[in-house]
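# Working through the structure, step by step
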Amino acid sequence: MSLKSPRRYWLTGASSGIGAALAEELLGSGAQVALSARSKAPLEQLAQRYPGQVLVVAGDLTNSQVVREIGEQIAQTWGALDTVILNAGTCEYVDAKQFDASIIEHVVRTNLLASSYCIEAALPLLRAGKTPHLVGVASAVTYLPMPRAEAYGASKAGLRYLFESLRIDLSPEGIDVTVVSPGFVDTPLTERNDFPMPLSWPADKAARHIFSKLEKRPLEIAFPALFIATLWPLSKLPNRAQLIIGKRMLRSPPPQKDDL
């Protein structure tokens, strides 16, 4: 009787935040995990703590050639992947009074285009894997337009559409597709936020929740439940009502010197 072979994962954005916490969950389950991030040192630390389970494939995922080389390295080492979790991303806010298109370009390249490069590299490996599963981390922000979220929201909305369309096209091949839609999570990225983050979860709690749901392969993993239960009905309101809600979330401009 042969022992069940460990599941092979590729996880991006694994050096901090949800990605680092999710890496711990996957490795703690005994899985083999290829870890990607720009920062190599945290990945190597995990490799030392989980000998024989980690394949470090660090690199800039916004560079399509680097991603192709990562795919080739995984193929040469394992030959296939069973689950791919595309979690890497960034967030920058837009000031409409000084609109800077380069912010849109940077965030879309990091969140959407980099994911598409990873999908291109991952699909041949998933096709060679067992019960393949493709997972993309989008955001609950895509349910409702938010102030200053033009870049982040557009990139995550594009990511959601990409994965939901792929779900249809990949279904004949038996490749399941899940979209993860977190609300606010305490990470190094959200530490820069200068506004309240209601019902925020710590990264380790978010990672445990995602990991607990992966086996059932849902179409979507959205959390926290109370936050989603509040946001989802608002997303179904008429556009005019959504505009009114959005205006109420606008921050007052800082006082001018003459006003002090």
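Procedures and definitions
Residues numbered from 1 in each chain as written. Predicted model: local features only at pLDDT ≥ 70, side-chain atom pairs only at ≥ 80, totals over all residues. Heavy atoms only, no water. Helix = DSSP H or I, 4+ residues; strand = E, 2+ residues; numbered from the N terminus. 1 Å grid on protein atoms, 1.4 Å probe; cavity = no way out; pocket = protein on both sides within 12 Å on 5 of 7 lines; lining within 4 Å. Points joined across faces, edges and corners; volume = space filled by probe spheres on them. Nonpolar A, V, L, I, M, F, W, Y, C, P; charged D, E, K, R; others polar. Buried < 20%, exposed > 50% of the residue type's maximum accessible area, 1.4 Å probe, protein only. Contact = heavy atoms within 4.5 Å. Pairing = 2+ DSSP bridges. Right-handed = clockwise from strand over helix to strand, strands pointing away.

For Arg208, the location among the structural elements is in helix α6 (residues 203-214). The spatial distance from the C-alpha of Arg208 to the C-alpha of Glu25 is 6.7 Å, given a sequence separation of 183 residues.

With that settled, consider the layout of surface pockets. Computed from the structure, the second largest pocket encloses a volume of approximately 530 Å³. Contributing to the lining of the second largest pocket are 19 residues, with Lys4, Arg7, Tyr9, Thr83 and Glu215 lying nearest its centre. Listing elements by their share of the lining of the second largest pocket, those giving two or more residues are β1 (8-12) and α6. Per-element tally for the lining of the second largest pocket: the top contributor is α6, with three residues. Looking at the lining of the second largest pocket residue by residue, the classes come out as five nonpolar, seven polar and seven charged.

Our next topic: the environment of Arg8. Mapped onto the elements, Arg8 comes out in strand β1. With relative accessibility at 14%, the residue Arg8 sits in the buried group. In this structure, the C-alpha to C-alpha distance between Arg8 and Ala138, residues 130 residues apart in sequence, is 22 Å. Apart from residues no more than four positions distant in its own chain, Arg8 is found in contact with Gln32, Trp78, Ala80, Leu81, Asp82, Thr83, Gly129 and Lys130.

With five of five residues buried, strand β5 (residues 133-137) is to be regarded as a mostly interior element. Inspection of the sheet shows strand β4 (residues 83-86) paired to β5 by four bridges, in the parallel sense. In the sheet register, Leu86 faces β5, and the bridge partner there is Gly136. Assessed by its sense of winding, the connection that carries the chain from β4 through helix α4 (residues 101-127) to β5 is right-handed. In this view, the connection linking β5 to its parallel neighbour strand β6 (residues 176-182) by way of helix α5 (residues 150-170) has right-handed handedness.

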